[in-house]
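In case you want the letters, here they are:
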Number of protein chains: 2
Amino acid sequence: MTDSILHTGSLDAVETENALPEPGTAPGDLARLSINRWSLRTTPIQEFLEATAAAGIGKVGLWRQDVEEVGLDALRRRTDDAGLHVTSLCRGGFLTASDPAERKAALEDNRRAIEETVGLGAPTLVMVVGGITREDKDLGAARARVAEGIAELAPYAEDAGITLSLEPMHPMFGADRAVLSTTHQALDVAEQVASPAVGVVVDTYHVWWDPQLASAIERAAQADRLLCYQVCDWNLPLAAEPLYSRGYMGDGFIDFPAITTLIKAAGYTGDIEVEIFNEEVWADPAPTALATIADRYRQLVLPHA
Amino acid sequence: MTDSILHTGSLDAVETENALPEPGTAPGDLARLSINRWSLRTTPIQEFLEATAAAGIGKVGLWRQDVEEVGLDALRRRTDDAGLHVTSLCRGGFLTASDPAERKAALEDNRRAIEETVGLGAPTLVMVVGGITREDKDLGAARARVAEGIAELAPYAEDAGITLSLEPMHPMFGADRAVLSTTHQALDVAEQVASPAVGVVVDTYHVWWDPQLASAIERAAQADRLLCYQVCDWNLPLAAEPLYSRGYMGDGFIDFPAITTLIKAAGYTGDIEVEIFNEEVWADPAPTALATIADRYRQLVLPHA
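Fair warning: this is a prediction, and the values are worked out from it, not measured in the lab.

Caption draft 1: Representation of the overall build of chain A within the structure. Across its full length, chain A carries 12 helices and 10 strands. Expected size for 305 residues packed as a compact globule is a radius of gyration near 19 Å; at 18 Å, chain A falls within 12% of this value. The principal-axis extents of the C-alpha atoms in chain A amount to approximately 60 × 40 × 35 Å. Looking at the 305 residues of chain A, the share that counts as buried comes to 59%. Seen as two clouds, the 24 positive and the 46 negative side-chain charges of chain A have centres 4 Å apart.

Given below as C-alpha cells:
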C-alpha cells in the first residue's frame, strides 16, 4: 500500500539542464524526507514550498488550512510547479460528537477532506479522531463512535483511491483531541472496520513512550496498515501549549535510532515526514530550519531507515 | 493484602465522650477516604493533620518531606495524637540511574524510605520509578534497571512488613519521572520480581486514558497486587507544571463512576486516597478544600466504591 507513494530519487533527473525533476523525486539521501507544512507554519505558503524545493527536498505534508487559503487547484499547481509531491493531508477526524447534526456535519467535512487529499495527489489523510467533553466523559462510547465514523468514511476513501491514517495521539491529548492513545488501539479500529483504506500513522511524539510500540509497529506493517512515519522530538519542559513541545530530532528525549530501526525491521519503505510544532523553530528563517531538519534527519533517522 | 489496612468506621468510637477514636477509624461514609498531604501542600503540617481530623476524616497519605521537616518519631506521634492512620508514604523510586554510585545511593535512600514507611505505620511506599536522560534515551534499559532495583528492595520491604506500590505515571512524565507508563507494564515488573510485597497503585490522573485499564485493574486484583487507589481529576488546559493539572474530582474529564466501578468489581476494599496538586486548591483554606474533597468523594466516588 505504501509502495505506491514511494518515488526513488534519481540524480539524473535533477542534473539534466532546464528540466524540472518529477514531483517528489528528490535526489540522493533526502529521497524519503517530507516536510510537514506546520514545521514552518509561520512561513508564507509559497515561500515554504520554494524553500523546501530549494533545500533539495521533494516532498511536503500539507494542511487543510493551506487548501482554504490558496484554493485546492491553485495549491496543487503550486506544489507541481515547485516539483513537490504531497505525502499527506492534515487533518480529518473529530468523529466523537454524539449529537446527530454535529455527527453528520463531521462526516461531510471528512468527505471534503478526502476530496482535497485526492486533489493534492496525496496518498493519505491523517485522522485526528476527536476527544470527549466534560458533559460526556464516556471514553468507550466515544471510541465506538470513532469506529462507526471511520466505517462510514472508509468506502468513500477506497473509491477515492486514498487511505485514512488513524493517528494515535499522546495520552495527554486523550481528553481534548484523540480518544485513540496507542497504536494497537488504532489498529483495533482499523481491523474492526476491515477496509484496506484504513491504517495508522506512527508519529514519534505521540508513541515513543509506549511499552507495546515494537509489537504494534510489526502488527501494523504485517497488516499493510503502516501508512505514514512522522518524526520530531519530545522536548522538556513541556511548552505552555503542549502541542508545541515537538522539537528538532535530537533536541529532546526520543531514541530515533531505536524507533526507526523498528520501522525498518517491519519493512516500511515509505516517506518520513518531519512534523515539528515549536515556537523557536518557527522563529528560525526557513532555510535555517530546513537545513537543521535535513542535518538531524541524516544524523539520527536516515542511517536506521 | 489490602484488607489489613482497612479499618471499618465505627460511630460508637467517636460518640463515646472523652475518648479519641482509634487512628484511622473515621465514622460512616468517609471511612475509606484518605487525604494525601500534597492536596493541602501549602498548609503547615500540624494544621493539615488537625484540619483533616476535624473534617471527620481518619486517614492521610504523607510525604518524605514531612518526615524530614518534623522528624519520623514526632510525625508518628502527631498523626497518632490527631487520631489519623497513615495510608501511604510518597515516595521511593528513582531507580533508573546507570552510574553505580548513583544506583547505590538510590537503593540506600529507598531502604530509608521503607524504614520511614514502617515508622509511620503506613502499609505501603509509593514508588515513582524514575526517567531517562538526554544522554541515555534507552527506555528498555531504564525499565530493566527499575526491575533490578525493585528486586533488590523487595526482600527488604517483605522483612519490614510493608509493600512497594509501583506507580505507572501518565506518559507525559515518561521521560523525566517514570518509565512505567501503564498498569499492565507495572504489573509485568511486579510479576518479574515475584515478591508478595510488590504491587501497583492505580492513580486516576495517570491511567484514566489507558484502553487496557479494565483488564489491568482486574489482573492487579487477581494477583493481590492492587495496593492503593488514588483519585483526582484531569484538568484542562494543562498547567504550566503539568503535575499541577490534578483537580478536584468533577472539575475535569475523568469518569470516576466508571473507573471506581472497575476497582470495586475487582474486589478492592482498601483506602481511597485523594491526591490533588493544584495551585487553586492550595489557595483554598484547608477546611474549604477538605469539605470540597469530601463532597466530591461522596458524589462521584463513594457510590461506586
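From this point, the narrative continues.
Caption draft 2: Molecular detail of the relation of the copies chain B and chain A. Superposing chain B onto chain A takes a rotation of 180° combined with a translation of 0.0 Å along the rotation axis, leaving an RMSD of 0.0 Å. On the angle and the small slide along the axis, the relation comes out as a two-fold axis. Residues of chain B ranked by C-alpha distance from the rotation axis are headed by B:A240, positioned 2.8 Å from it. Residue by residue, 97% of the interface of chain B is reproduced at the interface of chain A, so both copies engage with the same surface.

Caption draft 3: Broad picture of helix α10 (residues 256-265) of chain A. Residues and elements named next belong to chain A. All of the buried residues in α10 are F256, I259, T260 and I263. Looking straight down α10, one finds that the buried residues subtend no more than 95° of arc, so they occupy a single side. In the core, the buried residues of α10 are packed alongside β6 (198-203), α8 (204-207), α9 (213-222), β7 (226-231), β8 (233-234) and α12 (286-301). Once α10 finishes, G267 follows within two positions and takes phi at roughly 100°, a positive value.

Caption draft 4: Expanded view of the sheet that holds β6(A). Residues and elements named next belong to chain A. Read around the barrel, 8 strands follow the order β1-β2-β3-β4-β5-β6-β7-β10 and close on themselves; strand pairing throughout is parallel. Averaged over neighbouring strand pairs, the angle between their axes works out to 30° when direction is ignored. Bridge analysis of strand β1 (residues 33-36) against strand β2 (residues 59-63) gives 3 bridges, and the strand direction is parallel. Its bridge partner being in β2, S34 is matched across the sheet by K59. Sheet contacts for helix α5 (residues 100-119): β3 (85-93), β4 (124-128) and β5 (163-166); angle to β4, the most-contacted strand, approximately 150°. Helix-sheet contacts for helix α6 (residues 139-160) involve β4, β5 and β6, and the interaxial angle to β5 is about 145°.

Caption draft 5: Structural context of the interface of chain B and chain A. Opposite the 31 residues of chain B that make contact, chain A presents 30 residues. Three residues, B:R134, B:K137 and B:F253, lead the burial of chain B against chain A; their summed loss comes to 24% of the area buried on that side. At the surface where chain B touches chain A, the tally comes to 0 salt bridges. Contributing elements (two or more residues each) for the side of chain B that touches chain A: α6 (139-160) and β8 (233-234) of chain B. Along the lines of polarity and charge, the residues of the side of chain B that touches chain A split into 14 nonpolar, 9 polar and 8 charged.

Caption draft 6: Layout of the nonpolar core. Within the largest apolar cluster, 204 residues are counted, with the highest numbers of intra-cluster contacts made by A:L62, A:W234, B:L62 and B:W234. Every residue in contact with B:L62, bar those within four places of it in the chain, is listed here: B:R37, B:I45, B:F48, B:L49, B:L75, B:T79, B:V86, B:S88, B:L89, B:C90 and B:L120.

Caption draft 7: The arrangement of the side chain of B:H170 in detail. Mapped onto the elements, B:H170 comes out in the loop between β5 (163-166) and α7 (183-193). A relative accessible area of 0% means that B:H170 is categorised as buried. Not counting residues up to four positions away in its chain, the partners in contact with B:H170 are A:H170, A:P171, A:M172, B:Y205, B:H206, B:W208, B:W209 and B:W234.

Caption draft 8: Quick look at unusual backbone geometry. Between A:L236 and A:P237 the backbone carries a cis peptide bond, its omega angle lying at -5°. Mapped onto the fold, A:P237 is located in the loop between β8 and β9 (246-247). In this structure, the amide linkage connecting B:C90 to the following residue, B:R91, adopts the cis form with an omega of 0°. Look at A:F94: it is not a glycine, yet its phi comes out positive at around 50°. Positive phi values are uncommon outside glycine, yet B:D224 reaches one of about 60°. Its place among the elements puts B:D224 in the loop between α9 (213-222) and β7 (226-231).

Caption draft 9: Quick peek at helix α7 (residues 183-193) of chain A. All names here are of chain A. By the criterion of burial, α7 is predominantly enclosed, with 8 of the 11 residues buried. Those residues of α7 that fall on the buried side of the exposure criterion are T183, H184, Q185, A186, L187, V189, A190 and V193. Residues of α7 that are buried make contact with α6, β5, β6, α8 and α9.

Caption draft 10: View of the pairing of β7(A). Residue and element names in this part refer to chain A. β7 sits mainly inside the fold: 6 of its 6 residues count as buried. The pairing of β6 with β7 spans 4 bridges and is parallel. Looking at the pairing, D203 lines up with Q230 of β7. Inspection of the sheet shows β7 paired to strand β10 (residues 272-274) by 3 bridges, in the parallel sense. From the neighbouring strand, V231 faces β10, where its bridge partner is V274.

Caption draft 11: Representation of the packing of helix α2 (residues 45-54) of chain B against helix α4 (residues 72-81) of chain B. Residues and elements named next belong to chain B. Close contact between α2 and α4 brings their axes to 9 Å; oriented N to C, the two are set at 25°. Classified by the interaxial angle, the pair formed by α2 and α4 is roughly parallel. Our pair here, α2 against α4, has a crossing hand that is right-handed. Judged by residue contacts, I45, Q46 and L49 of α2 engage L75, R78 and T79 from α4. Class assignment for the residues of the contact of α2 with α4 results in 3 nonpolar, 2 polar and 1 charged.

Scoring rules and cut-offs
Residues numbered from 1 in each chain as written. Chains lettered and ligands numbered in written order. Predicted model: local features only at pLDDT ≥ 70, side-chain atom pairs only at ≥ 80, totals over all residues. Heavy atoms only, no water. Helix = DSSP H or I, 4+ residues; strand = E, 2+ residues; numbered from the N terminus. Rg over C-alpha atoms; globule rule 2.2 N^0.38 Å. Buried < 20%, exposed > 50% of the residue type's maximum accessible area, 1.4 Å probe, protein only. Lys, Arg positive; Asp, Glu negative; His and termini not counted. Charge placed at Lys NZ, Arg CZ, Asp CG, Glu CD. Least-squares fit on C-alpha atoms with pLDDT ≥ 70 in both. Contact = heavy atoms within 4.5 Å. Arc of directions from axis to C-beta. Pairing = 2+ DSSP bridges. Axes fitted to C-alpha atoms, helices over the stretch in contact; angles between N-to-C directions. Buried area = accessible area lost by both parts, 1.4 Å probe. Salt bridge = Lys/Arg side-chain N within 4 Å of Asp/Glu carboxyl O. Nonpolar A, V, L, I, M, F, W, Y, C, P; charged D, E, K, R; others polar. Core = buried A, V, L, I, M, F, W, Y, C linked by side-chain atoms within 4.5 Å. Parallel < 35°, antiparallel > 145°, perpendicular 65-115°, else oblique. Left-handed = near helix turned anticlockwise from the far one by under 90°.

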